[in-house]
Each structure stands twice: as C-alpha cells, then as structure tokens.
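These are the residues of each chain, in order.
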Amino acid sequence: MKKEQELNQLRHSTAHLLAHAITELYPNTKLTIGPATPEGFFYDFLPETNFKEDDLPKIETKMREIADRKLPIEHKQIPKEQARKLYKDNPFKLELIDQIEGDTVGMAQQGDFFDLCKGGHVEHTGLLKNFTLLGISGSYWRADREGQALQRIAGTAFFTPKELRAYEKRRQEALKYDHRKLGRELDLFSFHEAGPGFPFFHPKGKMVINLLTNYLRTLLEKDDYQEIDTPLMLSDELWKQSGHYDHYRDSMYFSQMDERAYAIKPMNCPGAILIYKERPRSYRELPMKLAEFGLVHRYELSGVLHGLFRARTFTIDDAHIFCTPDQIEAEVLKVVQMTFQVLKRFGFDDITIGVSTKPENAMGDDSLWEKATSALKNALEQAKVPYQVYEGEGAFYGPKIEFRIKDSMGREWQCGTVQVDFFLPKNFNLEYVSPAGIKERPVIIHRAIYGSLERFFAILLEHYKGKLPFFIAPIQIKILTITDEQKPYAMQLLEKIKAHGYRATIDESSDPINGKIKIAQQQQVPWMLILGPKEAENNTIALRYRDGKQEFGITLDQLLEKATKANQ
Ligand SMILES: [Zn+2]
Ligand SMILES: [Zn+2]
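I will try to describe carefully the structure that is included in this document.

Calculation notes
- Residues numbered from 1 in each chain as written.
- Chains lettered and ligands numbered in written order.
- Predicted model: local features only at pLDDT ≥ 70, side-chain atom pairs only at ≥ 80, totals over all residues.
- Heavy atoms only, no water.
- Donors = N, O, S within 2.8 Å, 3.2 Å for Na, K, Ca; no water.
- Buried < 20%, exposed > 50% of the residue type's maximum accessible area, 1.4 Å probe, protein only.
- Tetrahedral: all angles 85-135°; square planar, octahedral: opposite > 155°, others 65-115°.
- Helix = DSSP H or I, 4+ residues; strand = E, 2+ residues; numbered from the N terminus.
- Pairing = 2+ DSSP bridges.
- Axes fitted to C-alpha atoms, helices over the stretch in contact; angles between N-to-C directions.
- Salt bridge = Lys/Arg side-chain N within 4 Å of Asp/Glu carboxyl O.

Our next topic: the coordination of the zinc ion (ligand 2). Note on the zinc ion (ligand 2): its protein donors are Cys-269 (SG), His-320 (NE2) and His-446 (ND1). The metal-donor distances range over 2.0 to 2.3 Å. Of the residues examined, Cys-269 reaches a relative accessible area of 5% and is grouped as buried. You can call His-320 buried: its relative accessible area is 3%.

Here it is in structure tokens:
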C-alpha cells in the first residue's frame, strides 16, 4: 500500500511538472486538473491553440529541464481569497476553489509555478527522472460532454529506469497486439463509419463468439439454467419503473413508434423480470435461473470508444437468478465455481476477487444486507478462493462480487460480476408462494461470467497475441497440398476431419507450398496438414504447428487423437 501511495505522489508530482512545462511554453494555457491514475497521470488543459502529438517531445524536454533545476516542491494552505486572485483568469480553478470546504485551499509551489492541490508530492523536481508522455486525447471539463472540451496529455512515471523500460516494452507489445489491428489482419471483425462503435463480425469472428457462447451453454445446462430471449426494444414506462431511465438515460437509445416511446435495452434485467412475473410462482420453482445472451446498447462518447473493449453495443452473458435469501449462498458458490472453470479454461489463472459491501445510502433492511453479504463471503470461502473486501462500495441495492483477471501482458481486466439485488424485486413487486402458502419476496442475483462476449473475445485475442488456442481458433486445421495431384486425398481427409466436428479448411490455390504455409501462418491457423506425394501414397500426414515444428508420417487416427486432446 505504501509503495502505491509513493508511486501516486511521484506521478502526481510529474503531472505538476507537465503543467509547469506547459505554462512556460504556452503561457496562455488554462490549467484544470492533473491526477495520478493506475496507469500514470494526466493533466487536462484548455490550450490557446490545440496541442499536437508532435509537440510532445518539446514538452517532455522542457519537463526534464525544469526537473534538472531541482526545485523544492512546497505545499501550504492559503486563504481562498488569495487563491481566487491568483486564478482570476481561470474559471476552472475558481470553480474548484468554490467547491473546497473551509476558508483555505492547498497550493503547491515549485519555483514560480503554483498549482491548486491537496498535497502529496516528492521533495523536489530533481527526483522526477523516469517519466514519459504517452499521448494527447480529448476530454471534457468534469467529464461532462455538454461541458467545455479540453485536451488531455497523459504520461506515466516510475521510480526506476528499469520499471519505465518494462512499462514501455509492455506498451509496445500492447500496441503490436492491439485487438483492433488483429481483428483486421485475421479477418475477424471491423468497424464502419455507418455505425460508429458498432462492431461488424466477419464469419471467423462470429465463429469465435459462437464458440464462447456454446461453451458456456454446455455449463448452463449442467447447472439448471434456462435460456431466454427478451426484446431489444421495450417501452419507456418499463425503463422508468426499473430505474434505468433515471440512472442511464444519457446512455440510452430511444425510438418513437405509434406515438409510444421505446428505449433500446441498456440491460437485460427488466425483460427477465417480466417473464418471472408472467404467472404466480411457487417456492418449488426457485431458484429460477434465467440465462440470456442479451445484446445491449449503451451510448459512449466517440472519444472513449476503443474497439471491442469499449463499444456502443455488446452481448452480456447475463443470467438472473430469482431465489430466496436462504438460497443466495449455494447459488453464488455455483456461480463462483463456474466463473473459475471458464476463466481457467481460457488460460487466466491469475484471478482476483473483490466483495463490495453496504454503502451509506443503501436500501433494504440491515438483516437482509447482512445475510446477503455473509452469503457472498461464505460462498467464496467454501470455494477456497481468497478475496478482498471493499467496505461500503456496493451498489445501493445490494452487495456484489467482482472478478478480475490478469492477462499475459500483466494488465488487469474486470470480467464477471455477481450482484445481489433487493431493489428490482420490490420495484416490480415480485413474489413467490412459500411452503406455508404466504406470499414472499425473492431476491435477484444478476450475474455475468465473460461480462461482454465481444470484450472477452478482444481480451483473449490480446492475451494470446492473435494466436488463439486450438479449441477456440475459428479455423483449427488447414490442409495444404504440395501439388494439385494430392487434392483428392486432401478432400477425403477434409471430409473425415470435419465429420469429427473440427473446423477445417483446404487451401484451394495453386500457390507453391511455401506460399500456402505463409498464408496459413498469417491467419494463425494452429495446425497445417501438409500433403505431398509421399503422404498421399502412404495415407499419412505431415503435421505442421504454428510455431514451425513438424511431425511426419502421422495417420488420421493419430491426428484425431491429438485433436481430441488439444480440444480439451
Ligand atoms: Zn499536487
Ligand atoms: Zn440484470
């Protein structure tokens, strides 16, 4: 924890250094805020003329020059009146000053540069050595898209050159294996001007999405889920009742038809609830587990769109578990087990879990909160998985579990969630008849494992750097003949391999074998079957893997045996 705090101080001090450099280079720039972030830091500016990426080296050089002055960084409280005078031409800082309680505000000072700030810095600018600027992007004052548009310069800083180098290497790798780039190169998906933020899945990309879906379906079936499908568009009133209208309106898409207002669903919950409410329910039907691969639409600012990581439409592998409070623990345990099974299958072994508990303005009575929260913790303990507790960070309507995975490049991703909900059952007046014949209120557990199918696909692509493992590769096997004479043998093989359920194809071109190998390699096909005169004559196969290793004289049975193993 201490290390993290020190790193934040280092990064926040570097943000001041950036603002200092900007002030010297472009004195008419208005400063706003410059916090440390998990990745580094940023500072949001209102420049006189927009900064360009080309300006970054110059700004960085100025930062190093100021750092070399070894200016002590001082922080003190000053009267608000004095601060208002200092910032008389900066409406952003004036707004910030007004929001601070008390008569004084904190001010950081290094040389003749000063900045409104709560404090927490390194001693002098000379300690700021291992930093780099990462880029410029658009932002808004107070992240409000109706507000003033600003420019954000982001950077990062570390204690040692070694840490900075490691970060830069990771970043270059991440750029090299950006899923948007891989999606194009591997012909998986694309984006078009006609639908900004709405992905188009090509046949091979859709294949992977289907594989993810079908794999989960096999698990859902074993665990007594029932799959449903609910409309993409539902009436406004429903979203008002569910509370989504109040909380999500800014990111919802609307439509008007027959003088009635509709909204495209940003979440799947109300649909599942209407199915539950279709008729009276008995305790015998609980837990009732309704799963839905539900396509949702949420508006996002164009500046934050990021391929499949942040798109305007995606499919949640959603489920709503309607159950009694007593059933929460057993159901959550099953969800935790299924989540681990899924994440491990896809090669994510580093999984961290957080439990968020009752916040201050919570709804529902204390005993219900207590019961649900201890049910979540007990389930995690029974599953023998360590977890962290985030006190008071739950939603107002119930406690939740969040799963985070770490990928091959050391980045963390939040995927699955398990959210207990007391609010919607009350809001929609959900009931079941208890064994004593009394009407009782169920709770809802909202849960997702992948989170978003599309985003999980993108995480997988980057995690594996485009080399999807055999079991999830859209094309698993590609047959390449050395000459056209082996084509009949190749067709025979293809048919048999496909009959066993593998995704195989054949290179129909008349390219020389090296050309065919190169193309299959670029397509990241895990297995290539190379057939020459010798193979055709002996009914064997030369198996070439993606990494170039080869095995000769393999029979079809041997190949199928290997494939069964690789598919597990
Ligand atoms: Zn500061
Ligand atoms: Zn839900």
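Looking now at the coordination of the zinc ion (ligand 1). Looking at the zinc ion (ligand 1), the protein donor atoms are His-12 (NE2), His-16 (NE2), Cys-117 (SG) and His-121 (NE2), and they sit 1.9 to 2.0 Å from it. If you look at the zinc ion (ligand 1), its 4 donor atoms make angles of 100 to 125 degrees with each other, and the shape they trace is tetrahedral. In the primary sequence, the donor residues of the zinc ion (ligand 1) line up as H-x3-H-x100-C-x3-H. Within this pair, whereas His-16 is found in helix H1 (residues 2-25), its partner His-121 is found in the loop between strand E5 (113-116) and strand E6 (130-140), the two being separated by 105 residues in sequence.

Spatially, 3 strands are ordered E11-E13-E12 in an open sheet, and the strand pairing comes out antiparallel. Looking at which strands have only one partner, the edges of the open sheet turn out to be strand E11 (233-235) and strand E12 (254-257). Going from strand to strand, the sheet's axes swing by 35 degrees on average, the running direction of each strand aside. Pairing of E11 with strand E13 (residues 260-264) involves 3 bridges; the strand directions are antiparallel.

A few words now on the pattern of salt bridges. Under the criterion given, the structure shown has 34 salt bridges. Residues Glu-60 and Arg-64 are paired through a salt bridge, measuring 2.9 Å at the closest nitrogen-oxygen approach. Here Glu-60 and its partner Arg-64 are both found in helix H2 (residues 56-68), 4 residues apart, which amounts to about one turn of the helix. Residue classification places Arg-64 among the partly exposed positions, given a relative accessible area of 32%. With its nearest N and O atoms 2.6 Å apart, the salt bridge here joins Glu-227 to Arg-217. On the criterion of sequence distance, the pair formed by Glu-227 in strand E10 (residues 226-227) and Arg-217 in helix H7 (residues 203-222) is long-range, its members being 10 residues apart. Owing to a relative accessible area of 39%, Glu-227 belongs among the partly exposed residues under this scheme. A cluster of three or more residues bridged by salt bridges with shared partners is formed by Glu-24, Lys-62, Glu-65 and Arg-69.

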